[in-house]
Amino acid sequence: MNMKKWIAAAVACSALVLGACGGQSKDSAAAPAANPDKVYRVAMNAEFAPFESQDSSGNIEGFDVDLMNAMAKAGGFKVEFKHQPWDSLFPALNNGDVDIIMSGVTITDDRKQSMDFTDPYFEITQVVLVPEGKSVSSSEELKNLNKVGVVTGYTGDFSVSKLLGNDSPKIARFETNPLVIKELENGGLDAVVLDSAVVANYVKHNATKGLSFLTLPDFDIENYGIAVRKGDEASVTMLNDALKKVRESGEYDQIHAKYFAEESKQ
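Residues numbered from 1 in each chain as written. Predicted model: local features only at pLDDT ≥ 70, side-chain atom pairs only at ≥ 80, totals over all residues. Heavy atoms only, no water.

Asks: Please explain the packing of helix H2 (residues 63-75) against helix H8 (residues 233-249) as it appears in this structure.
Replies: To describe two helices that pack against each other, one gives the angle between their axes and the distance between the axes. At a closest axis distance of 8 Å, the pairing of H2 and H8 adopts a crossing angle of 100 degrees. With respect to H8, the element H2 is oriented roughly perpendicular. Here Leu67, Met68, Ala70, Met71, Ala74 and Gly75 of H2 lie close against H8, whose contacting residues are Leu239, Ala242, Leu243, Lys245 and Val246. A breakdown of the residues in the contact of H2 with H8 according to their chemical character gives nine nonpolar, one polar and one charged. (Axes fitted to C-alpha atoms, helices over the stretch in contact; angles between N-to-C directions. Helix = DSSP H or I, 4+ residues; strand = E, 2+ residues; numbered from the N terminus. Parallel < 35°, antiparallel > 145°, perpendicular 65-115°, else oblique. Contact = heavy atoms within 4.5 Å. Nonpolar A, V, L, I, M, F, W, Y, C, P; charged D, E, K, R; others polar.)

Written out as structure tokens, the structure is:
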């Protein structure tokens, strides 16, 4: 083989090798695959009906549970659910004690610094729950109330803290939804700020309590997302693909109608 032919052959061989291994473009490279044999541990605070709650036997049920089960079936992966306190969810994720948080977690820029999120799966806003005879027409009017209840670490807590000041004596913080709502019913609070779908569900099933809720135009629209550890691209891809399949099949709409029959589809 003369020198010219040898050089041409070498160039062709090099191009072939690059195309077969290291020459793939970033766009064509496959995302890391999730482990199909792994049982993904899904943490949730099951005191957030209708998204997650416990029945009389202690089984976790709700919109998030049904949706995740449908996603697991569509995506070909396995899940198990674990109920734990709200303030332990994020440390458990970061420590590797759980793999996924699905518990009505609002996607925020601050949370994105320490965890990754899937595409949004539910849209909500903050609303004001008040006893009969009370009325609030804007978030500014919350400043005129003596006590406003929130759940520690919820978006309502962030919203009211921003409005009144984080250390305001007018803010009463509670560990769970049932506790803050019970305090409102007992007359210890003037109002409670919580997620719209949760409040609407409570008022619907507790008509005799004399509570109503007000939607204020100055509270932003928010989105729930499924949280995983920072950098866990495989799980984000797996969950997003599964969520897309459930939406496209129409099963998302069926699950939504089961829990929110009187509300518009998200």
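Right, picking up where we left off after that structure.
Asks: Is there a simple way to explain H2 in this structure?
Replies: Residues spaced three or four apart along an α-helix face the same direction, because each turn holds 3.6 residues. Given a rise of 1.5 Å per residue, 13 residues ought to cover 18 Å, and the 18 Å separating the end C-alpha atoms of H2 matches this to within 8%. All of the buried residues in H2 are Phe63, Asp64, Val65, Leu67, Met68, Ala70, Met71 and Ala72. Phi turns positive, to about 70 degrees, at glycine 76, one or two residues after H2. (Expected span 1.5 Å × (residues − 1). Buried < 20%, exposed > 50% of the residue type's maximum accessible area, 1.4 Å probe, protein only.)

Asks: Where do I start with the sheet that holds strand E6 (residues 115-117) in this structure?
Replies: As a general point, the strands of a sheet are linked pairwise by backbone hydrogen bonds and lie either parallel or antiparallel. If you trace the five strands from one edge of the open sheet to the other, you get E4-E1-E5-E13-E6, paired in mixed fashion. Looking at the sheet topology across the chains shown, the edges are occupied by strand E4 (78-83) and E6. For strand E1 (residues 39-44) and strand E5 (residues 100-101), the ladder comprises two bridges, and the chain directions are parallel. Along E5, the bridge assignment pairs alanine 43 with isoleucine 101. The sheet contacts of H8 involve E1, E5, E6 and strand E13 (227-229), and relative to E13 the element is tilted by about 155 degrees. (Pairing = 2+ DSSP bridges.)

Asks: Mind showing me how you'd approach the environment of alanine 70 here?
Replies: Within the secondary structure, alanine 70 is located in helix H2. We classify alanine 70 as buried; its relative accessible area is 6%. Measuring from C-alpha to C-alpha, the distance between alanine 70 and valine 246 comes to 6.8 Å, with 176 residues separating the pair along the chain. Aside from chain neighbours lying at most four places away, what touches alanine 70 is Val246, Glu251 and Ile255.

Asks: Hey, could you run me through the pattern of salt bridges in this one?
Replies: Charged atoms that come close allow side chains of opposite charge to pair. The full count for this structure, using the stated rule, is nine salt bridges. The salt bridge involving arginine 173 is made with aspartate 157; its shortest N-O contact spans 3.0 Å. Highlighted residues: arginine 173 in strand E9 (residues 171-174) and aspartate 157 in helix H5 (residues 155-164), separated in sequence by 16 residues. Note on arginine 173: relative accessible area 33%, which makes it partly exposed. What emerges from the salt-bridge pattern is a single network uniting Lys38, Arg41, Asp99 and Arg229. (Salt bridge = Lys/Arg side-chain N within 4 Å of Asp/Glu carboxyl O.)

Asks: Can you help me understand empty space enclosed by the protein in this one?
Replies: Where empty space is left can be seen by rolling a probe of water-molecule size over the atoms. In total, this model carries one cavity of 30 Å³ or more according to the counting rule given. Counted as a void, the largest cavity has a volume near 60 Å³. Lining the largest cavity are Phe48, Trp86, Ser103, Gly104, Thr106, Arg111, Gly153, Tyr154, Thr155 and Asp195. A class-by-class count of the residues in the lining of the largest cavity yields three nonpolar, five polar and two charged. (1 Å grid on protein atoms, 1.4 Å probe; cavity = no way out; pocket = protein on both sides within 12 Å on 5 of 7 lines; lining within 4 Å. Points joined across faces, edges and corners; volume = space filled by probe spheres on them.)

Asks: It is not clear to me how the nonpolar core should be interpreted in this structure. Could you clarify?
Replies: Nonpolar side chains tend toward joint burial in soluble globular proteins. Among the nonpolar cores identified, the biggest contains 63 residues, and Phe63, Leu67, Phe77 and Phe122 are the most heavily contacted of them. With seven residues, H2 is the largest single contributor of residues to this core. Contact partners of phenylalanine 77, with chain neighbours within four places excluded, come to Tyr40, Met68, Met71, Ala72, Met238, Leu239 and Ala242. The next biggest cluster of nonpolar side chains, apart from the first, holds 14 residues, and it includes Leu142, Leu145, Ala191 and Val193. (Core = buried A, V, L, I, M, F, W, Y, C linked by side-chain atoms within 4.5 Å.)

Asks: What exactly am I supposed to notice about the layout of surface pockets here?
Replies: Approximately 280 Å³ is the volume attributed to the largest pocket. Every residue lining the largest pocket is listed: Ser139, Thr155, Phe158, Ser159, Lys162, Leu163, Asp218, Phe219, Asp220, Ile221 and Glu222. Within the residue set of the lining of the largest pocket, elements represented by two or more residues are H5 and strand E12 (221-224). If one sorts the elements of the lining of the largest pocket by residue count, H5 sits on top with five residues.

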